[in-house]
Amino acid sequence: MHRVAWVRVGALGDLLVGLASLVETLEKWPDSKLTVVGSALWTQIIEPGFFPQVDRIAVIEKRADDVRVFEIHDGKWAEVGRSTLKTQYQDCRIVFNTRVDSPRQGFPAFFAGVAERWGSAKGLAGFIYNRRAQHNGKDPLIHERDVPLLLMDEADGSVVRAGRSLSEALAISPRVKRWQAKGLPAPLRLKPDIATAVAGAAVGSYVLVNPTSSRREKAWPSARFRELILVLEKDVNAEILILGSPQETDWLREVATVGPREREFRIIQPRSIGELFQVVAGARWLLTNTSSVQFIAAAVQTPVLTLMGRATPEIWGPLGPEDKIVRGVEPREIEDMFIREQRAYESIEVREVRESLVSLDVNIQKSEWGNEKW
């Protein structure tokens, strides 16, 4: 039995878009056990035992070579000790580092003498990989989901880059084309009873509006959300729920309390990433700012309309085959990036969002909603 280490670090969105690469790795080496190397959030995203090959998670601490090791005990991820990344790699035949902006997790594999080291790095740092892809430089126009997919296709010879541009390579990459049709895979079992319990409504009977973001400037104004949900009531035959985290109560109440009589729409605040997956899976559709929630929607086959400010759709846009975007106009004459982001969101009209959502909802009603996902 061989062991493969698959490396993916970053915030929640960075990890979620990596799920397609994780599944490709499992399918390429089906007889291997797999260690997921990366952020602690992996212990919340991957349901223990859902991917039978994944039996270990090595959580990277502040120092690149220091890790906490988790294994499955009693159906849960449990910390079993500490180690160095080099030590974790020593029993691996393959290390696949999906991080192309930094080789920090690749060097320990080189020094551990791992037989196959898959990755991509700029300049002389590329020597640490013996199965490598061309480095595309800073911020290439390629979706973050597709970066490791193309990397694998190049490194195993499925795509030969000689004489081909990045766009040409993407067009012929079998793994990229596969996931352009599928979106993202789910990392856990979907359970309608949990979705119903968290939402307080039956699956398929509600829609979700997620109005928050990491910063106020990176979100559509609350007043626009309030105006929208009032008119949506007449268009959508479903309960409108306001979705956010337990830390965002005040912001959510700004949106949920509408009209001259201060009517309140229900607020849903999942207590964990697992609950968030389930409640999004149970929704007919999701409306969100550019955020990690749009990738959860792609993984659980829930259509989404994403509002985008400065973000580039080709790099950070939604990934479901039926997903839509409404993008603001960025005022490039303004130097301050946060103000540019804010103005871009402010330029999005309620009418445009409403029309896109009504179109999305009509398409969903024509297709038998959600039967296949459960």
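### Focus on the packing of helix α9 (residues 192-199) against helix α12 (residues 273-281)
Where α9 contacts α12, the two axes come as close as 8 Å, and the packing angle between them is 95°. If you check the angle between α9 and α12, you find them roughly perpendicular. On the side of α9, the interface is formed by Ile-194, Ala-195, Val-198 and Ala-199, while α12 contributes Glu-275, Gln-278 and Val-279. A breakdown of the residues in the contact of α9 with α12 according to their chemical character gives five nonpolar, one polar and one charged.

### Points about the pairing of strand β9 (residues 206-210)
Of all five residues making up β9, five are buried, and the element is well covered by its neighbours. Residues of β9 alternate between two faces, with Tyr-206, Leu-208 and Asn-210 on one and Val-207 and Val-209 on the opposite face, all of them buried. Looking at chain direction, β9 and strand β10 (residues 239-243) are connected through four bridges and run parallel. Across the sheet, Val-209 pairs through a bridge with Ile-242, a residue of β10. Between the parallel pair β9 and β10, the chain is carried across by helix α10 (residues 222-232), and the sense of this crossover is right-handed. Pairing analysis gives three bridges linking β9 to strand β14 (residues 286-289), with the strands arranged parallel. Bridging across to β14, Leu-208 finds its partner in Leu-286.

### Observations regarding the environment of Val-207
Along the chain, Val-207 turns up in strand β9. When near neighbours in sequence (up to four residues on either side) are disregarded, Val-207 contacts Val-236, Ala-238, Glu-239, Ile-240, Leu-241, Arg-284 and Trp-285.

Conventions used here
Residues numbered from 1 in each chain as written. Predicted model: local features only at pLDDT ≥ 70, side-chain atom pairs only at ≥ 80, totals over all residues. Heavy atoms only, no water. Axes fitted to C-alpha atoms, helices over the stretch in contact; angles between N-to-C directions. Helix = DSSP H or I, 4+ residues; strand = E, 2+ residues; numbered from the N terminus. Parallel < 35°, antiparallel > 145°, perpendicular 65-115°, else oblique. Contact = heavy atoms within 4.5 Å. Nonpolar A, V, L, I, M, F, W, Y, C, P; charged D, E, K, R; others polar. Buried < 20%, exposed > 50% of the residue type's maximum accessible area, 1.4 Å probe, protein only. Pairing = 2+ DSSP bridges. Right-handed = clockwise from strand over helix to strand, strands pointing away.

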